[in-house]
Amino acid sequence: MLTSARPTARRRALAAAGTAVVLTLTLAACGSSSSSSPDRDHSAKASSASTSPSMRDMPGMDHMAAGNGLSDNKDGYRLNSKDTALAAGKQTPYRFTVTGPDGKPVTAFAVDQTKRMHFYAIRSDLTGFQHIHPTMAADGTWNADLASLAPGSWRVFASFTPDSGAGKGTAFVLSRALTVPGTGTKTPLPAAAKTAEVDGYTVTVNGEPMAGMAHPMSVTITKGGKPVTGLEPYLDTYAHLTAFHEGDTAFAHLHPTTKVNGDHGGPELSFDAELPTSGNWRLYLQFQTGGTLHTAALTLNVG
């Protein structure tokens, strides 16, 4: 009896060990297969998304300035000017400097869209838009020749990127208030619309930008009902789009993503819109044909 029991016990022990091995391999296989479970797939996609290019990495987004431009100083940089009022009805120079964290005028600026300084003026009712490129003296003093200004409250914006110092490579938009004495009439903001007419051209905006979110938007340009395909480069792009917010004149620059390829741009142009707050924004679209610069304006409501 003892002799026959030993083989039986041995077989049972081997069977138990085999079962344990099988169970271990099964659990290991289950653990391995869990890497392709829905949760793991979601994590992998999230990781992939986190390393994919953001909208700021897209063409035209590398110099996007943060903020709404309503301050005259940021991170130690300051927009300075003795001019607080300018005469109405005639071309008038506006002189200013940009000082850095050390309090000295900045004289080294990086080129952004072919210019070292973009300067804008807008009346409080969002009329009178001007976009000019001032000249700088050796001491860092800029001179912006503003065209005739209507009486009222204005704000001027300087958009630039230092090419040295603590803020090297950082885009800034700083602004100051300006008064033009005289009796002025406030112009009501035109109602929100998707199209605008200028010099025989029709500009149509496509897209529904949301406040505080980067959102793609496109603009289509036609003339006489036919697509325009002869847009010429302007500031290293086929169109320059600037926006100002109703009520506070907050600033936003919508950056183009359509690459320039000769004098045959259009009819559709792509932009990345990042408008910080909801409400009505007045958009100014500048484009060039036949050596002539056109400026179309329309009101866009942002939710």
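The structure displayed is predicted, hence computed values, not measured ones.

About the criteria used
- Residues numbered from 1 in each chain as written.
- Predicted model: local features only at pLDDT ≥ 70, side-chain atom pairs only at ≥ 80, totals over all residues.
- Heavy atoms only, no water.
- Helix = DSSP H or I, 4+ residues; strand = E, 2+ residues; numbered from the N terminus.
- Buried < 20%, exposed > 50% of the residue type's maximum accessible area, 1.4 Å probe, protein only.
- Contact = heavy atoms within 4.5 Å.
- Areas by Shrake-Rupley, 256 points an atom, 1.4 Å probe, with all protein chains shown as cover.
- 1 Å grid on protein atoms, 1.4 Å probe; cavity = no way out; pocket = protein on both sides within 12 Å on 5 of 7 lines; lining within 4 Å.
- Points joined across faces, edges and corners; volume = space filled by probe spheres on them.
- Nonpolar A, V, L, I, M, F, W, Y, C, P; charged D, E, K, R; others polar.
- Pairing = 2+ DSSP bridges.
- Phe/Tyr/Trp six-rings, centres within 6.5 Å; stacked < 30°, edge-to-face > 60°.
- Salt bridge = Lys/Arg side-chain N within 4 Å of Asp/Glu carboxyl O.
- Core = buried A, V, L, I, M, F, W, Y, C linked by side-chain atoms within 4.5 Å.

**Remarks on the overall build of the chain**
Tallying secondary structure elements over the chain gives two helices and 18 strands in all. Within the chain, buried positions represent 38% of all 303 residues. Counted over contacts in the chain with a minimum sequence separation of 6, partners at least 24 positions apart contribute 65%. By element, 54% of the accessible surface of the chain is carried by carbon and sulfur atoms, the whole surface being about 15700 Å².

**Regarding empty space enclosed by the protein**
Regions of empty space are outlined by a rolling probe, equal in size to a water molecule, passed over the atoms. Taken as a whole and assessed by the stated rule, the structure comprises two cavities of 30 Å³ or more. If you add up the space inside the largest cavity, you get close to 50 Å³. Elements that contribute at least two residues to the lining of the largest cavity include exactly strand S11 (201-206), strand S17 (279-289) and strand S18 (292-302). Take the lining of the largest cavity: its biggest share by element is three residues, from S17. Taken together, the residues of the lining of the largest cavity break down into nine nonpolar, no polar and no charged. Here the second largest cavity defines a volume of roughly 30 Å³. Around the second largest cavity, the lining residues are Thr-237, Tyr-238, Ala-239, Pro-256, Thr-258, Leu-269, Ser-270 and Phe-271. A per-element tally of the lining of the second largest cavity places strand S16 (residues 268-273) first, with three residues.

**Concerning the pairing of strand S9 (residues 172-180)**
Taking burial as the measure, the nine residues of S9 include seven buried ones, the bulk of the element. In terms of strand pairing, strand S8 (residues 152-160) meets S9 through nine bridges, oriented antiparallel. Its bridge partner lying in S9, Gly-152 is registered against Val-180.

**Structural notes on the sheet that holds strand S1 (residues 73-74)**
A sheet is described by the order of its strands in space; here five strands give the open sequence S1-S2-S3-S7-S6, paired in antiparallel fashion. Where the open sheet ends on each side, the last strands, each with one partner, are S1 and strand S6 (135-136).

**Some details on the packing of aromatic side chains**
A full pass over the atoms with the stated rule returns 17 aromatic pairs. Centre to centre, the rings of Phe-96 and Phe-119 are 5.1 Å apart; their planes meet at 15°, and the pair counts as stacked. One end of the pair, Phe-96, is in strand S3 (residues 92-99); the other, Phe-119, is in strand S4 (residues 118-123), and 23 residues separate them in sequence. Note on Phe-96: relative accessible area 1%, which makes it buried.

**Digging into the pattern of salt bridges**
Within this structure, the stated rule accounts for four salt bridges. The partner of Arg-78 in a salt bridge is Asp-72, with the nearest N and O atoms 3.5 Å apart. On the basis of relative accessibility, which here comes to 36%, the residue Arg-78 falls in the partly exposed class. On the basis of relative accessible area, Asp-72 is assigned to the partly exposed category, the value being 22%. Its salt-bridge partner being Arg-123, residue Asp-125 comes within 2.6 Å of it at the nearest N-O pair. For the residue pair Asp-125 and Arg-123, the accessibility class agrees, reading buried in each case. Residues joined in a network through salt bridges with shared partners are Asp-72, Arg-78 and Arg-176.

**A few points about the side chain of Asp-125**
Within the secondary structure layout, Asp-125 lies in the loop between S4 and strand S5 (130-132). Excluding residues that lie within four positions of it along the chain, Asp-125 makes contacts with Thr-185, Lys-186, Thr-187 and Leu-189.

**Some remarks on the nonpolar core**
Counting 29 residues, the largest nonpolar core has Ile-221, Leu-254, Leu-285 and Phe-287 as the members making the most contacts within it. Only strand S10 (195-198), S11, strand S12 (215-223), strand S14 (240-245), strand S15 (251-256), S16, S17 and S18 provide two or more residues apiece to this core. Residue contacts for Leu-285: discarding those within four places in its chain leaves Val-203, Val-219, Ile-221, Ala-239, His-240, Leu-241, Phe-271, His-294, Thr-295 and Ala-296.

**Focus: the environment of Gln-288**
Residue placement: Gln-288 occurs in strand S17. Taking the relative accessible area as the measure of exposure, Gln-288 reaches 18% and is therefore buried. As for Gln-288 and Ala-239, which are separated by 49 residues in sequence, their C-alpha atoms are 7.6 Å apart. Beyond its immediate sequence surroundings of up to four residues, Gln-288 is in contact with Gly-230, Leu-231, Glu-232, Pro-233, Tyr-234, Leu-293 and His-294.

**Considering unusual backbone geometry**
The linkage connecting Gly-266 with the following residue, Pro-267, adopts the cis geometry, with an omega of 0°. Tracing the backbone shows Pro-267 in the loop between S15 and S16.

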